[in-house]
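Structural overview
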Amino acid sequence: MRKKIVAGNWKMNKNVIDAQQLMIQLLSYKNNNATQCEVWIAPPSIYLMMAKDIFEKDEIGVFSQDMSEHESGAYTGELSADMLESIEATGSLIGHSERRQYHGETDSHCNRKIKLALDKGLIPVYCNGETLEQRKAGQHFEVVKNQTEVALFTLSAEEIKKVVIAYEPVWAIGTGETASPEQAQEIHAHIRSIIAAKYGQEVADEVSILYGGSVKPDNAKEIFSQPDIDGGLIGGAALKLEDFSKIIEGFNS
Ligand SMILES: O=C[C@H](O)COP(=O)(O)O
């Protein structure tokens with residue numbers, strides 16, 4: 001059965017004291033509550049080692065927000081799959097829309113990163129989604145199909161089962177504007193059908209597909225109740241335990 005996941009992307013927020021405090025709060029929350037989903041965080045890379053120390057029994061999955069498409073070498077400022085493996089990180093976000101927007105990342109880059117991550121036993125969380133202009137032009141199904149095919153379709157069936165996809169419509173990220181549960185479900189089902197057409201339904205049913213874009217405590221439960229939505233990639237609301245824990249509890253019956 002595919003995994004249910006709530007993942008918090010901290011983006012470029014928090015100094016070391018605040019980051020440590022939230023990690024300790026999260027550990028205590030996780031130890032005192034029977035969560036119905038896996039809980040992951042993607043803190044800034046400077047705090048990854050600290051996260052691994054605090055979550056020493058892997059209570060919470062630890063992800064980088066990006067990783068290099070190169071194995072090693074003269075790539076100043078980058079983080080390799082090998083480095084992530086060496087600190088026993090759980091995986092990496094790949095292709096987040098902010099990486100695409102500000103750093104020119106494409107699905108071909110994502111494809112290379114995903115392959116490197118899988119080769120090192122890391123879970124790639126591949127992010128995709130259409131812009132507002134593309135949605136308004138009615139191109140969202142086609143855009144997401146192309147993204148999925150370019151980034152993932154060189155993988156084997158065994159490999160794609162290990163990938164987590166995060167559908168994040170760009171117009172819903174940090175804007176307070178959420179895709180309705182029906183709009184999100186429609187695209188999630190579409191992504192799953194694209195995977196099924198190439199790899200078969202059984203493989204497609206193994207792939208967890210998260211929704212991201214202004215998920216908050218008051219809309220999480222309804223979003224997570226959709227059949228093809230397996231959890232969320234949370235930005236702003238992952239920065240405070242009070243909000244993040246309520247989102248996690250969106251999986252409680
Ligand atoms: O990675 C997380 C997404 O970009 C969503 O961010 P948000 O929850 O602040 O809209």
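Everything below is about the structure printed above this text.
Below is a short write-up of the structure. Everything numeric here is computed off the predicted structure, so don't read it as measured data. (Residues numbered from 1 in each chain as written. Predicted model: local features only at pLDDT ≥ 70, side-chain atom pairs only at ≥ 80, totals over all residues. Heavy atoms only, no water.)

1. What to know about the nonpolar core
Generally speaking, a soluble globular protein has its nonpolar side chains buried in company with each other. The biggest cluster of nonpolar side chains holds 67 residues, and the ones touching the most others in it are Phe55, Ile114 and Leu152. Per element, the largest residue contribution to this core is seven residues, and it comes from helix H9 (residues 181-199). For Phe55, the contacting residues outside a window of four places in its chain are Met23, Leu26, Leu27, Ile41, Ile60 and Val62. Within the second largest apolar cluster, 13 residues are counted, among which are Ala7, Trp40, Ile123 and Leu233. (Core = buried A, V, L, I, M, F, W, Y, C linked by side-chain atoms within 4.5 Å. Buried < 20%, exposed > 50% of the residue type's maximum accessible area, 1.4 Å probe, protein only. Helix = DSSP H or I, 4+ residues; strand = E, 2+ residues; numbered from the N terminus. Contact = heavy atoms within 4.5 Å.)

2. Quick word on the site of the ligand
In the neighbourhood of the ligand, 13 residues make up the surrounding shell, with Lys11, His96, Gly174, Ser214 and Gly236 lying closest. Taking His96, its side chain carries an N or O atom lying 2.8 Å from an oxygen atom of the ligand. Contacts to the ligand include Gly235, whose backbone N or O atom sits 2.9 Å from an oxygen atom. A class-by-class count of the residues in the shell around the ligand yields four nonpolar, seven polar and two charged. (Near = heavy atom within 4 Å. Polar contact = N/O pair within 3.5 Å; in protein donor to acceptor, adjacent residues only side chain to side chain. Nonpolar A, V, L, I, M, F, W, Y, C, P; charged D, E, K, R; others polar.)

3. Considerations on the sheet that holds strand E5 (residues 123-128)
Taken in spatial order, the eight strands of this closed barrel run E1-E2-E3-E4-E5-E6-E7-E8, and their pairing is parallel. Neighbour-to-neighbour, the strand axes of the sheet open up by a mean angle of 25 degrees, direction not taken into account. Examined bridge by bridge, strand E3 (residues 61-64) and strand E4 (residues 91-94) share two bridges and lie parallel to one another. Across the sheet, residue Ser64 finds its bridge partner in E4, namely Ser92. Of the strands in this sheet, E4 and E5 touch helix H5 (residues 107-119), which is tilted by about 165 degrees from E5. In this fold helix H12 (residues 241-248) packs onto strand E1 (5-9), strand E2 (38-42) and strand E8 (231-234), with an angle of close to 155 degrees to the strand it touches most, E1. (Pairing = 2+ DSSP bridges. Axes fitted to C-alpha atoms, helices over the stretch in contact; angles between N-to-C directions.)

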